[in-house]
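Understanding the architecture of this molecule
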Amino acid sequence: QVQLVESGGGLVQAGGSLRLSCAASERTFSSYAMGWFRQAPGKEREFVAAINWSGGTTYYANSVKGRFTISRDNIKNTVYLQMNSLKLEDTGVYYCALSAVRYGTGGPGTTYDYWGQGTQVTVSS
């Protein structure tokens, strides 16, 4: 069973930055695409960003493009989400997810099989 543990959430003022981390227990982590999603209160969970198995290709929601950066360290079995220029609407619980398709791209239509417990990000004015 794959375990994903997010960290790095917190309270930040609008315009500030946070870096989220997601550590995976899967020893073949480097073979799988990873994604970040978020869920705001009263809203459905939405896609934020994804990265392919090697880290060479990334995808972003239009709402975060140019402000967020997803990256991964396949030695540390960790994926990151650097969030800059945070806005009030970025508030929510952020989840990382792993797609159990070997050498997956993480592109549109990717199915994610394992999810972390989430970390709260709150952006204040």
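Let me sum up the structure you'll find in this document. Since we're looking at a predicted model, the values are computed, not measured. (Residues numbered from 1 in each chain as written. Predicted model: local features only at pLDDT ≥ 70, side-chain atom pairs only at ≥ 80, totals over all residues. Heavy atoms only, no water.)

**So, the sheet that holds strand β1 (residues 4–7)**
Here we have four strands laid out as an open sheet, ordered β1-β3-β8-β7, and antiparallel in their pairing. Both outer strands of the open sheet, β1 and β7 (68–73), are each paired with one neighbouring strand and no more. Between one strand and the next, the sheet's axes are offset by a mean angle of 15°, whatever the strand orientation. Summarising the sheet, strand β3 (residues 18–24) and strand β8 (residues 78–83) pair through six bridges and their orientation is antiparallel. Bridge assignment links C22 to a residue of β8, and that residue is V79. (Pairing = 2+ DSSP bridges. Helix = DSSP H or I, 4+ residues; strand = E, 2+ residues; numbered from the N terminus. Axes fitted to C-alpha atoms, helices over the stretch in contact; angles between N-to-C directions.)

**Some thoughts on the pairing of strand β9 (residues 92–102)**
With seven bridges connecting them, strand β4 (residues 32–39) and β9 associate as antiparallel partners. Bridge assignment links W36 to a residue of β9, and that residue is C96. With three bridges joining them, β9 and strand β11 (residues 119–124) adopt antiparallel strand pairing. Within the sheet, the bridge partner assigned to V93 lies in β11 and is Q120. Inspection of the sheet shows β9 paired to strand β10 (residues 114–115) by two bridges, in the antiparallel sense. The partner of L98 across the bridge, within β10, is Y114.

**Things to note about the side chain of S31**
Note on placement: S31 falls in the loop between β3 and β4. On the basis of relative accessible area, S31 is assigned to the buried category, the value being 6%. Each residue touching S31, except ones within four places of it in the same chain, is listed here: W53, V101, R102, Y103 and G104. (Buried < 20%, exposed > 50% of the residue type's maximum accessible area, 1.4 Å probe, protein only. Contact = heavy atoms within 4.5 Å.)

**Considering unusual backbone geometry**
Backbone geometry at N77 places phi at a positive 55°, although glycine is not the residue there. Take N77: it is sitting in the loop between β7 and β8. Residue S85 is not a glycine yet carries a positive backbone phi of 50°. If you trace the backbone, S85 turns up in the loop between β8 and β9.

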